Amino acid sequence: MIQISFILNGKKVKLETDENRRLIDILREDFSLTGTKEGCSIGECGACTIIMNKLAVNSCLVLAGQLIDSEILTIEGVSENGKLNVLQENFLKYGAVQCGYCTPGMIMSIYALLLKNNNPADEEIKEAIAGNLCRCTGYKQIIDAARATADTDMITDLSQ
Amino acid sequence: MKKDFSIVGKEVIRQDGLEKVTGTAMFADDIVLKDILYGVMLRTTVVHAEIKSIDFSEIADNKNLTAIITSEDIPGAKKVGAIKKDQPIFCFDKVRTSGDVLAMLVGNNEKEIKKLLTKIKVEYSELPILSNSSLAMNEDAPVIHEESSNNLICEYPLRKGNVEEGFKNSDYVIERSYSTSYQEHAYIEPEAVIAIPLEGNKGVKIIGSIQNPHTTRSVAASVLGWPLAKVRVEQAELGGSFGGKDDTMNVLAARASIAAVKCNRPVKIRYNREDSILESYKRHPYKMKYKAGFNVDGKIKAMKIDIIADGGAYASMTPFVTWRSVVQATGSYEIENVETNVKGVYTNNPYTGAFRGFGSPQPVFAQESLMDEIAEELKISPFKLREINGYNSGSVTASGQILNSHEVTLKKVLAKASDESGFNDKWEKFSKDRVQKDFIIGSEQREKEFILDKEQFIEPENVWRRGIGLSCSFRGCSLGAEGIDAASVFVSLQNDGSVYLHSGLAENGQGLRTTFSIVVSEVLGIPFEDVFYLGIDTGYVMDSGPTVASRSTIMGGGAVKDATEKIKRNLLDVFIENYNIPQIARVEFTNGMVTYDKYSMSFKDLCKLAYNKGVNISAVGWYAGPNVDWDEEKGQGNAYFTYVYGCQVAEVKVNITTGEVYIENITAVHDPGKVINLLGAKGQVYGGVTQGAGLCLWEELNTIDGKIKHQNFDELLIPTSKDIDNIDVHFVEGEEEYGPWGAKSLGEPTLELTSAAISNAIYNATGVRYRNLPLNLEEIVLNRKLSPASVKRGSA
Ligand code: FES
Ligand code: FES
């Protein structure tokens, strides 16, 4: 058992847990943040993607011990007070969602990309989601949604 | 008169999008219940064996264990199946395939009970393994199901004209063999289900990632030995299915129900990716022999086809899947003489069943490759050959059906696809550019001369070769002559003008909720946002048959339109009576208003008025397909009541040193009838094409002696965002009398065409014909599979 504290969706949280528990389980079980999905458990599908210290990571590969003093953002922290973020709006508008299982992970990967690069080329968008598998959409409308978001000032939204 | 639509055909944002982009959509594993137990599976370690004994003694009084569930706990049917009842819920006499389950451990700590699995001792007496479908019908083949005398699941002959005569009268006769491999559905959400015992005598409620809740209900009820009404099945948000969350989910739901009733607590089963790949069914591998006779003028005179589909250990949907193959095996071409034989057989391999495309992607790959081989023989362009032989209005299919009830748009989609992609010019150019002499790929020689001579050196800029290829198909809509084909919905208008919509067809991520809501919105002229599609729960909605075969738009959409129009007629009467206007008046329902001449009322007010007058403003809608028929012996008849047509063109570049194929563009032209939601329709095409490309190039799933080698996404490669550069979608809306405003289907044709188009493009680029999917790197370089049997490491 270890004591850890970290920032989760903007709030400081404390937790006592086993060192080897996976972040995805902590999020889903201890914080009831079930927006983060599990698809493979080995870092291949990206359904569990969250943002850790501004980088997109697979939460199935992060253990409790690594969380100390980190900053975690999950899909639940993307929209604020029920207002959709521009990226989420564009996912709807461009038809980037079918079954929706990959969607939270996709949004987090693109969000992380846009945090560090607000004008990515198509290749960079594809690269950013290359680790996020989607079996429904063929990716095209997801890439459209990402590109459209890059053209807006989402980044200013984020830094506020 | 062409109708002006207010919402049909526009880009409409899906109705269930909001919860999916915010992470609040509830998938089955997201549901948390108090006192829940988990079920974990004791899976076989062998492939084919008699079960001698199972010894649980070492774990029997472990504190983490609440129950051990085996076949002995089943009060009702111990074996289930869509068509043949051959699949055990828990194996009791034999194991027949590597995904088989013998027992389930139940406890509240999933992790701890998993650890107990290794302490259970099972004694087997192993049997010979049948893993080659070609040997399944041999005299000496091990019989998989002892209740039958051989391994035949089903057999469909089709006879039209006289093939032998046809071959005799042909200038050329060629014979080719093709094969396709397994394809895993690879829905990103693995299986999950919860069974909840209800209080008193109310039975059990099942919530899960279930494709067809009514089918799941009947399986669970039969296993419990209960009446249907005592089992209620609710669909959780479904994380992809593509035909895959049917039989597997029925079995899991039955297991969870048995445990829930026994323990009187909710029981959840959730699979990880390995479990999912091991136990779930897959697309059938096909072995296909084609023989074609044709004349110098390009006319195909005769075709003889032999197909063996590997059904694996359980029949599942094999009889229906292979039936579609026999109807469509000659493709969208009018051929006088046809003889087709399709067999589905049992083996010890993973079982196979429904998968988007449903028995069409395999023959389309073979037969559309064959078309290009015929064109090559005749030295004419692939486009021309299809022009010559393709269906027109009034053409007769292989099953003797005359295509005259709908607009036959084959030539339209072909022309559109070739124009949009610049097919003919590019095809000519790449054929000419093709230089083979400097480097030979796809041949035995390459294998021997793996190290190249100096003069064979390829300049880096010459490594990539470009090619273009096309493929066409026709596809029967809905279930066809093998199934009962009807759908019902319930539409209930509220007194403020908002609407509830209940349907027995399920949302599988394909956008059915949105499509149905658009239909209501269009008929009543009300905002789309006022229509609320309620989740599917067998407790409230009628059985509408399975959500398969791309039938939801044509059948379900038809039922929604029917129900909504019934309500509209009632509203109309109220309106007419209120203003005392003539019965024949043309009253408009648009933009939330109901108007005739100078009389006008808001739709909301009209609903309130109707409600206050005690007029019924709800209705059950019903849509049954017209009659279809089939002669089992000759394989003749009107197989489907209508068809859709499509053509895809693939542009690829092939790296002739590594075998890599990169898809530069796919032009997909489909006639789905009337498009209801343009945004959703495009999404269906992008997704289907991508799965089709996966089937063609990357998705290798091998078995060694019946055991699956690729168990997670590190080994099983499905397409990523980087694999296809562009997909270009066009719709040609053919006239159709069935379906809502002539809307038919789209989900499946998108997938069936892609692999042949890509393979034909690879030929155009390299001059090498590849006949065995998937066309992965080694296949392209060596033109053979590095299948496990042929890799003999350490030996010469
Ligand atoms: S579940 Fe973490 S990458 Fe798939
Ligand atoms: S939308 Fe279904 S997996 Fe991406």
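Residues numbered from 1 in each chain as written. Chains lettered and ligands numbered in written order. Predicted model: local features only at pLDDT ≥ 70, side-chain atom pairs only at ≥ 80, totals over all residues.

**Quick word on the packing of helix α16 (residues 678–697) of chain B against helix α18 (residues 754–766) of chain B**
All names here are of chain B. Just so we agree on the cut-off: Only the stretch in contact is used when fitting a helix axis, every axis being a line fitted to C-alpha atoms; angles between N-to-C directions are given from 0 to 180 degrees. By definition, any uninterrupted DSSP run of H or I lasting at least four residues is a helix, any uninterrupted run of E lasting at least two residues is a strand, and each is numbered from the N terminus. Roughly parallel refers to an angle under 35 degrees, roughly antiparallel to one over 145, roughly perpendicular to one between 65 and 115, and oblique to any angle outside these ranges. In this scheme the crossing of two helices becomes right-handed for a clockwise turn of the near helix relative to the far one and left-handed for an anticlockwise turn of less than a right angle. Here the contact rule is simple: place C-beta atoms from the backbone, and any two residues whose C-beta atoms are within 7 Å are in contact. Each residue is assigned to one class: nonpolar for Ala, Val, Leu, Ile, Met, Phe, Trp, Tyr, Cys and Pro, charged for Asp, Glu, Lys and Arg, and polar for all the others, Gly among them.
In the contact formed by α16 and α18, the axes pass within 8 Å of each other and the chain directions differ by 55°. As far as their axial angle goes, α18 and α16 are oblique. In this structure, α16 meets α18 at a crossing whose hand is right-handed. Together, Val689, Gly692, Ala693, Leu695, Cys696 and Leu697 of α16 and Thr754, Ser755, Ile758 and Ser759 of α18 make up the contact between the two elements. Grouping the constituent residues of the contact of α16 with α18 by class yields six nonpolar, four polar and no charged.

**Topic: the domain arrangement of chain B**
All names here are of chain B. Filter applied, for reference: For the purposes of this description, domain bounds are those given by an automatic or database domain assignment.
Entries for chain B in the domain assignment read domain 1 (17–24 + 486–624), domain 2 (31–127 + 191–270) and domain 3 (131–181 + 285–354 + 362–388 + 422–476 + 640–796). Of note, the centres of domain 1 and domain 3, computed from C-alpha atoms alone, are 42 Å apart. Facing 14 residues of domain 1, the contacting portion of domain 3 comprises 14 residues. Those elements that place two or more of their residues in the side of domain 1 that touches domain 3 are α13 (512–524) and α14 (552–579).

**Notes on the pairing of strand β15 (residues 286–294) of chain B**
Residues and elements named next belong to chain B. For clarity, the threshold we go by: Partly exposed residues are those falling between the two cut-offs: more than 12 but fewer than 20 other C-beta atoms within 10 Å of their own, whereas 20 or more means buried and 12 or fewer means exposed, with C-beta atoms placed from the backbone. Two strands qualify as a pair provided DSSP detects at least 2 bridges between them.
Judged by how many residues are buried, β15 sits mostly within the fold: seven of nine residues are covered. Strand direction decides the pairing type here: strand β10 (residues 172–179) and β15, joined by eight bridges, are antiparallel. Paired with tyrosine 178 across the bridge in β15 is methionine 288. In terms of strand pairing, β15 meets strand β16 (residues 300–312) through nine bridges, oriented antiparallel. Directly across from tyrosine 290, in β16, lies its bridge partner isoleucine 305. Between the end of β15 and the start of β16, which pair antiparallel, lie five residues, with glycine 298 showing a positive phi angle near 95°.

**Let's talk about the interface of chain A and chain B**
The interface of chain A with chain B comprises 40 residues on the first partner and 41 residues on the second. Mapped by element, the contributors of at least two residues to the side of chain A that touches chain B are α2 (86–93), α3 (103–116) and α5 (140–150) of chain A. Partitioned by chemical class, the residues of the side of chain A that touches chain B number 21 nonpolar, 13 polar and six charged.

**Quick look at the sheet that holds strand β8 (residues 121–126) of chain B**
All names here are of chain B. Spatially, β6-β2-β8 is the arrangement adopted by the three strands of the open sheet, whose pairing is antiparallel. Two strands bound the open sheet, and with one partner strand each, they are β6 (94–95) and β8. Taken together, the six bridges between strand β2 (residues 49–55) and β8 define a ladder with antiparallel strand orientation. For isoleucine 51, the partnering residue across the bridge sits in β8 and is tyrosine 124.

**A few points about the confidence of the model for chain B**
Put simply, the rule is: Confidence scores labelled pLDDT are given residue by residue by the predictor and lie between 0 and 100.
A residue-level look at chain B finds 94% of positions with pLDDT of 70 or above and a mean pLDDT of 92. Across residues 789–796 of chain B, where pLDDT falls below 50, the model places two contacts with residues more than four positions away in sequence or in other chains.

**Observations concerning the sheet that holds strand β3 (residues 67–69) of chain B**
Residues and elements named next belong to chain B. The mixed open sheet is built from seven strands, whose spatial order is β3-β7-β1-β14-β11-β12-β13. Edge strands, defined here as strands with exactly one partner in the open sheet, are β3 and β13 (231–235). Going from strand to strand, the sheet's axes swing by 25° on average, the running direction of each strand aside. Pairing of β3 with strand β7 (residues 101–107), which is carried by three bridges, proceeds in the antiparallel orientation. Considered in β7, the bridge of isoleucine 68 is made with leucine 105. Helix α4 (residues 213–224) rests against β12 (204–208) and β13 of the sheet, and its axis sits at about 150° to β13. The strands touched by helix α5 (residues 247–263) within the sheet are β1 (37–43), β3, β7, β11 (192–197), β12 and β14 (267–270), with β11 carrying the most contacts at an inclination of about 30°.

**With respect to the environment of Ala398(B)**
In this fold, Ala398(B) is placed in the loop between α9 (382–389) and α10 (410–421). Expressed as a C-alpha distance, the spacing of Ala398(B) and Leu158(B), which sit 240 residues apart in the sequence, is 7.9 Å.

**So, the pairing of strand β26 (residues 643–655) of chain B**
All names here are of chain B. Among the 13 residues that make up β26, 11 are buried, leaving the element largely enclosed by the rest of the structure. Judged from the 13 bridges that link them, strand β18 (residues 464–476) and β26 form a sheet pairing that is antiparallel. Note on β26: the bridge partner recorded for cysteine 472 is cysteine 647. As paired elements, β26 and strand β27 (residues 661–671) share 10 bridges and run antiparallel to each other. Its bridge partner being in β27, tyrosine 645 is matched across the sheet by aspartate 671.

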